[in-house]
Amino acid sequence: MSALPLDEAGRYVAAAYVVFVTLVVVYVAIMAAKVSRMERELVALKKPAEERQR
Amino acid sequence: MVTYGKGLRALAAASAAAVAVALWLVFFYAPIDADQGFVQKIFYLHVPIAIVALCGFVAAGVMAIGHLRSGDRSWDVRSYVAIHLSIILGVGVLVTGAIWAKASWGHWWVWDEPTLVSFLIVFLLYCTYPPLRFSIEDSERQARYASVFAITAGAFVPLNFLAVRLAEAYTHPRVLSATGGQMPGSMRLTFLVSLFAMALLFTTLWKLELTAKNLARELRDLRRSAERAGGGERAPAPAAPDTPTGGAAVAATAAPPPGS
């Protein structure tokens, strides 16, 4: 098969890179949301425990 | 307090920089392929993801050996995270590969191509890992069975790779060969930088998920200790409260001081 013209090839290349970037961004967003929610919960749980200790 | 995700920011910055350099090399440095044209730029994304995903599966097997040898559950968690991340990258490999195949061969998928089908087999094999793992309730057994799976499947990956190399007829190009697939120097450099950037990105995401897992564990231990401490205030406290394995330090801080 001969090489595709630049405009058509560009669409395929863009699609491949966009798919990968979306995959990584969605993964990072889910993980970051999880970590920050857990960090907040951890601080909230540790505060009364530390106060009780004092 | 234990600081989780130590060095994560530096690692994330390094991978962002590496990805930026790789993208610049792909689009502004590497020449347009004489045979495939601009579509060949997908190669710098698709092949590094595939290599890193397969290495992730093998690394998970090595970590699982660490778990079975030492009995340390942290190795099992590391192995699980590596497999989880490699499955996600596997989705990326299949989708970017299908896009490249459509642009180059005119088909989204070619069933008689050993490289494609063998990767799909490996991917589907690892897709059975999460359901297998979470179908076992007892955490000790879960970790042990998951480790055995990770080792067996991890050994299958290089065998599968070798079998594909020995296959005679294929349309899929060969990149990892003594001649480097006849790549010119600029293309080879771009490929190697892309591979390095992808490996760094994998390491960063692996560390991020490990941080989340460690935080979740600490949170669970702390909740248990808080519940126990709360129960102790309502009813006569037991002489020596049981602390869950690994949560002793947390339980010590969460428990009421003696004499309170």
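Not measured: the values here are computed from a predicted model. (Residues numbered from 1 in each chain as written. Chains lettered and ligands numbered in written order. Predicted model: local features only at pLDDT ≥ 70, side-chain atom pairs only at ≥ 80, totals over all residues.)

### Describing the overall build of chain B
Each helix and strand in chain B was counted, giving eight helices and zero strands. For chain B, the α and β elements follow one another from N to C terminus as α-α-α-α-α-α-α-α. Taking all 260 residues of chain B together, 35% fall into the buried category. Nonlocal contacts in chain B, meaning residues at least 24 apart in sequence, comprise 77% of its contacts between residues at least 6 apart. (Helix = DSSP H or I, 4+ residues; strand = E, 2+ residues; numbered from the N terminus. Buried ≥ 20, exposed ≤ 12 C-beta atoms within 10 Å, placed from the backbone. Contact = placed C-beta atoms within 7 Å.)

### Thoughts on the overall build of chain A
A tally of helices and strands in chain A yields one helix and zero strands. By the compact-globule yardstick of 10 Å for 54 residues, chain A is too spread out, its C-alpha radius of gyration being 23 Å. With respect to the principal axes defined by its C-alpha atoms, chain A has extents near 75 × 15 × 10 Å. Buried positions account for 13% of the 54 residues belonging to chain A. (Rg over C-alpha atoms; globule rule 2.2 N^0.38 Å.)

### Quick word on the interface of chain A and chain B
Each partner contributes to the interface: chain A provides 28 residues, whereas chain B provides 38 residues. Partitioning the side of chain A that touches chain B into residue classes produces 20 nonpolar, two polar and six charged. (Nonpolar A, V, L, I, M, F, W, Y, C, P; charged D, E, K, R; others polar.)

### Details of the environment of Lys6 of chain B
Residues and elements named next belong to chain B. Relative to the helices and strands, Lys6 is located in the segment before α1 (8-29). Residue classification places Lys6 among the exposed residues on the basis of 11 C-beta atoms within 10 Å. Considered as a pair, Lys6 and Val93 are 87 residues apart in the sequence and their alpha carbons are 30 Å apart.

### Let's talk about the confidence of the model for chain B
All names here are of chain B. The pLDDT averaged across chain B works out to 83; a share of 81% of its residues lies at or above 70. Within chain B, helix α8 (residues 248-254) has the poorest average pLDDT of any element, 34, and helix α2 (residues 43-70) the best, 95. Ignoring residues within four places in sequence, the model shows residues 233-260, a span with pLDDT below 50, making 30 contacts including any to other chains. Per the prediction output, this complex has pTM 0.81; the corresponding ipTM is 0.83. (pLDDT = per-residue confidence, 0-100.)

### A word on the environment of Glu50 of chain A
Along the chain, Glu50 of chain A falls in helix α1 (residues 6-53). Between the C-alpha atom of Glu50 of chain A and that of Leu23 of chain A, which follows or precedes it by 27 residues, the distance is 40 Å.

### Focus on the nonpolar core
One finds Ile42 and Ile49 of chain B to be the most contacted residues of the largest nonpolar core, which totals 64 residues. Per element, the largest residue contribution to this core is 14 residues, and it comes from α2 of chain B. In this structure, Ile49 of chain B is in contact with Phe20 of chain A together with Leu89, Gly92, Val93, Thr96 and Met198 of chain B, ignoring residues within four places of it in sequence. (Core = buried A, V, L, I, M, F, W, Y, C linked by C-beta atoms within 7 Å.)

### Here we look at the packing of helix α3 (residues 73-105) of chain B against helix α6 (residues 139-166) of chain B
Residue and element names in this part refer to chain B. One way to put it is that α3 packs onto α6 with a least axis distance of 10 Å and a crossing angle of 50°. It follows that α3 is oblique to α6 by the angle criterion. Crossing of α3 against α6: the hand is left-handed. Contact with α3, carried on its side by Arg73, Asp76, Ser79, Tyr80 and Ile83, involves Ala143, Ala146, Ser147 and Ala150 of α6 and no other residues of that element. (Axes fitted to C-alpha atoms, helices over the stretch in contact; angles between N-to-C directions. Parallel < 35°, antiparallel > 145°, perpendicular 65-115°, else oblique. Left-handed = near helix turned anticlockwise from the far one by under 90°.)

### Description of the packing of α2 of chain B against α6 of chain B
All names here are of chain B. With their axes 8 Å apart at the nearest point, α2 and α6 run at an angle of 140° to one another. By the angle class used here, α2 and α6 are oblique. You can see that α2 and α6 cross each other, and the crossing is left-handed. Residue-level inspection shows Leu54, Phe57, Val58, Ala60, Gly61, Ala64, Ile65, His67 and Leu68 of α2 in contact with α6, the latter providing Ala143, Ser147, Ala150, Ile151, Ala153, Gly154, Ala155, Val157 and Pro158. Here the residues of the contact of α2 with α6 are counted per class, giving 14 nonpolar, four polar and no charged.

### Description of the environment of Ile99 of chain B
Counting through the fold element by element, Ile99 of chain B comes out in helix α3. Classification of Ile99 of chain B by C-beta neighbours within 10 Å gives buried; the count is 24. For the pair Ile99 of chain B and Trp109 of chain B, spaced 10 residues apart in the sequence, the C-alpha separation amounts to 9.1 Å. With residues near it in sequence (within four places) discarded, Ile99 of chain B still touches Tyr12, Ala15 and Ala16 of chain A together with Ile42 of chain B.

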